[in-house]
Every structure is written in structure tokens, then in C-alpha cells.
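# Descriptive analysis of the structure
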Amino acid sequence: MASVTYRHVWKKFGDFVALHDLDIEIADKEFLVLVGPSGCGKTTALRCLAGLEEVTQGQVLIGDTVVNDVAPKDRDIAMVFQSYALYPHMTVFDNMAFGLKLRKVPKAEIKRRVEEAAQTLGIEHLLKRKPRELSGGQRQRVAVGRAIVREPKVFLFDEPLSNLDAKLRVQTRAEISKLHQRLQTTFIYVTHDQVEAMTMATRIAVMNKGILQQLDTPQNLYDKPDNLFVAGFIGSPAMNFSDAHLRRDNGGLYVVADDNSFTVRIPEERVPVYMPHAGKKVIFGIRPEDIHNPEFAPPGIHAAPVECKVDVTELMGNEIFLYLVSGRNSFVARVDPRTRFAVGDRVQVVFNMDNFHIFDPSVDAENPKAIR
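We now turn to the structure provided with this report. (Residues numbered from 1 in each chain as written. Predicted model: local features only at pLDDT ≥ 70, side-chain atom pairs only at ≥ 80, totals over all residues. Heavy atoms only, no water.)

## Section: helix 3 (residues 107–121)
Structural remark: α-helix, 3.6 residues per turn; residues separated by three or four positions point the same way. Our working rule: In DSSP terms, a helix is any run of H or I states spanning at least four residues, a strand is any run of E spanning at least two, and both are numbered starting from the N terminus. Given the number of residues in a helix, its expected span is that number minus one, multiplied by 1.5 Å. Burial classes follow relative accessibility: with a 1.4 Å probe on protein chains only, a residue under 20% of its type's maximum area counts as buried, one over 50% as exposed, and anything between as partly exposed. An arc is given here, and it is the one of the directions from the helix axis to the C-beta atoms. By definition in these notes, contact holds between two residues if any of their heavy atoms fall within 4.5 Å.
Between its terminal C-alpha atoms helix 3 stretches 21 Å, which fits the 21 Å expected from 15 residues at 1.5 Å a residue. Along helix 3, the residues classified as buried are I110, R113, V114, A117, A118 and L121. When helix 3 is viewed along its axis, its buried side chains cluster within an angular range of 125 degrees and face the same direction. Turned more than 90 degrees off the buried face of helix 3, the exposed positions are A108 and Q119. Where the residues of helix 3 are buried, they touch helix 2 (92–102), helix 4 (136–148) and helix 5 (166–183).

## Here's the deal with unusual backbone geometry
A cis geometry characterises the amide bond from S236 onward to P237, with omega recorded as -5 degrees. Among the secondary structure elements, P237 is positioned in the loop between helix 8 (228–233) and strand 11 (240–249). One non-glycine residue, D21, lies in the positive phi region at around 55 degrees. Within the secondary structure layout, D21 lies in strand 2 (residues 16–26). At N250, a residue that is not glycine, the phi angle is positive and equals roughly 50 degrees. With respect to the helices, strands and loops of the structure, N250 is situated in the loop between strand 11 and strand 12 (252–257). Relative accessible area serves as the criterion here: at 74%, N250 is assigned to the exposed category.

## Notes on the sheet that holds strand 21 (residues 369–370)
The cut-off we apply is this: Here, strands pair whenever DSSP counts at least two bridges between them.
Strand order in this open sheet of six strands is 13-12-11-14-20-21, and the pairing throughout is antiparallel. Two strands close off the open sheet at either side, each with one partner strand: strand 13 (263–265) and strand 21. The sheet contact formed by strand 11 and strand 12 spans six bridges and is antiparallel. Residue pairing in the sheet places H245 in a bridge with V256 of strand 12.

Next comes the structure, spelled out in C-alpha cells:
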């Protein structure tokens with residue numbers, strides 16, 4: 001068991017910068033998820049830790065040891081790949097035992113470790129089968145089992161669930177979370193799926209274009225995103241954004257859409273934070289779950305009415321997704337399943353102004369920072 005540190009790590013492929021001054025400290029026994037879109041640098045960060053890529057600049061530490069020049073086999077890590085990477089001609093037992101045999105671990109110890117890992121993963125009845133006889137979920141468990149028997153200091157997972165169907169993904173991610181609790185070892189997990197990240201992680205590192213955008217707990221990322229990218233990436237469906245400006249009027253402060261399609265009042269207690277930006281252009285953000293049918297809005301919220309047209313409805317059973325249009329602005333709302341809005345209806349919804357976000361594009365137009 002060990003902590004992991006990326007100390008100002010850069011990775012360049014020619015002129016392309018894959019990792020830009022990555023600086024992260026991962027505590028012993030932590031479950032850290034690296035999340036971001038394809039090409040953001042998350043897998044490169046994992047491969048630098050595993051020794052499969054050479055760091056251009058900076059240091060990678062496992063515990064207190066700098067491992068930049070340590071061979072991958074000597075870093076005491078185990079990696080689970082997206083492709084499973086099982087040997088097709090070997091049985092499940094031999095696949096799981098292969099790394100231990102290379103290290104000349106005694107046969108009795110190999111047998112103990114493999115059987116113990118198989119029991120943990122519920123695949124003890126599959127040990128004599130070959131990979132072609134297994135389902136995708138079973139192959140994934142074998143790949144995880146092969147990592148477990150190594151008893152490494154750090155487990156690395158590179159998008160291990162992306163080849164599974166939706167139901168199996170949900171089941172397997174719960175199994176990996178339980179495995180982390182049982183093993184009490186450092187897990188570093190790469191995914192592009194923010195739902196996986198939110199449900200599994202102790203902390204999440206959100207990356208984009210090789211740059212760490214924010215590192216925090218799942219709830220803090222959701223409640224207090226640092227910038228527009230994080231706000232739009234975390235949460236499903238994604239946060240709604242509108243170009244707007246702040247207007248001071250009759251002692252109050254209002255968010256006004258640039259096309260004047262809606263005007264919503266900021267609650268009095270939050271006015272001091274935003275008053276210095278009165279008269280300025282901003283980006284207004286509100287999550288789908290904070291847009292309500294007025295008939296079923298939670299009691300006691302600061303509800304601001306907005307007139308919209310219903311463009312599309314999606315019945316999900318326990319909720320309804322409404323795709324709404326207000327002027328040039330489009331919103332997705334997550335509303336009560338008793339809602340009876342139909343496509344084409346002109347309706348009124350309410351924004352929960354206890355939960356909204358405002359971003360300042362004046363410093364960085366491409367990725368505006370949150371105003372707090």
C-alpha cells in the first residue's frame with residue numbers, strides 16, 4: 001500500500017503536450033478517478049505511473065520513492081486494461097497465476113492467492129475454463145483477479161468497463177467499489193464516464209487538454225465547479241448555460257438573458273457575491289434538476305418563473321426530461337413524472353435560484369471561471 005504523487009509532470013509527444021504540469025497527491029488507500037473527454041491526458045497519466053510512458057519533465061513517486069527510472073515490473077503496481085489482455089490458450093487459473101509464476105512465487109502460495117481472489121470475485125467455478133468460454137463480465141473479473149493476486153501497492157484501471165453492456169457496467173462498478181473497501185489499497189481509475197467517476201471515487205481529477213481542471217470530492221465538483229468545463233462535464237444531463245448579463249434594478253440584482261427571453265432574480269443573501277459584476281456579461285448555469293414544473297416544485301425554494309416552449313419530451317419512468325426553448329436559449333429540465341406537458345406547449349417552468357452558477361468570461365472566454 002502506498003501514496004502516489006505526480007510532481008509537476010509534463011509529457012510531450014514531439015510538439016504535442018499530453019500532460020501539462022500535472023501536480024497531484026493521491027493518499028494511501030484512496031480511490032482516485034481521472035476523468036475527462038478522449039485525448040485529455042488521463043490514460044497518459046496512468047501510463048506514466050505504470051512506466052509504460054517516459055516522463056518528459058517532473059517526477060512520479062510511489063510512496064516516497066521517485067520511480068521515473070524504475071522498470072515497470074519493479075514498481076509494484078498492477079494494471080487492469082480496457083481490452084482485458086487475457087491469454088486465450090490459458091485457463092482462468094493460469095491467466096491469474098501467470099505473473100506470479102514469472103516472479104517464481106512458490107506453487108502453494110500461487111494456489112492460495114488465486115483461489116482467494118477467485119472467491120472474492122465469485123469466479124471460483126470458472127478457474128478451469130478458457131477466456132473464449134466466458135462472458136464479457138466474467139473476463140473482466142478474471143482481469144481484475146489477475147491484478148489482485150499480485151498484492152500490489154497500487155491498482156491501476158484503464159477504462160475497464162467500457163466493453164460491458166449498461167446493466168453489467170452498473171453491477172461491475174459496484175463490485176470494484178466493494179473490492180476497494182475490502183482490499184484497502186490505493187486505486188487509480190481512468191474513465192471518460194462521469195457517472196462512473198461520481199459513483200466510485202473518493203476524489204475526482206477532472207482533466208482537459210492535458211491540464212488538471214479541478215481535483216475534489218464528487219459532491220464538491222457537482223456543487224462548486226471551478227470553471228465552465230467542469231460544470232458542463234460533471235452531471236447528467238449536463239448543466240444548462242445561457243449568455244446573460246447582471247442588471248441592478250430597484251435594489252435587487254437580476255440575471256437577464258442577452259436576448260431578453262428571461263429575467264430571474266438572485267436571492268438577497270447571494271447578491272453581495274455577484275454585485276461587483278453588475279452590468280457585466282456573464283454565463284448563467286443551472287442544472288436540469290433545478291428546473292421544475294411549478295405544480296411540483298419543492299416548497300420553500302426561491303422559484304423564478306421562465307416562459308418556454310416544449311421541444312421534446314423523454315419519459316424515463318421515474319422522471320421526465322423536457323427539452324425547452326426560450327428565445328435563443330435551450331434548456332433540459334428534469335421534472336416530476338406527473339408532469340403532463342406536451343411537445344409544442346407554451347409552458348411556465350421555475351428555476352430554483354437557490355442552486356445556480358455564474359461564470360465570468362472576461363478573463364478566459366474559452367473556459368470562464370466560476371464567480372464565488
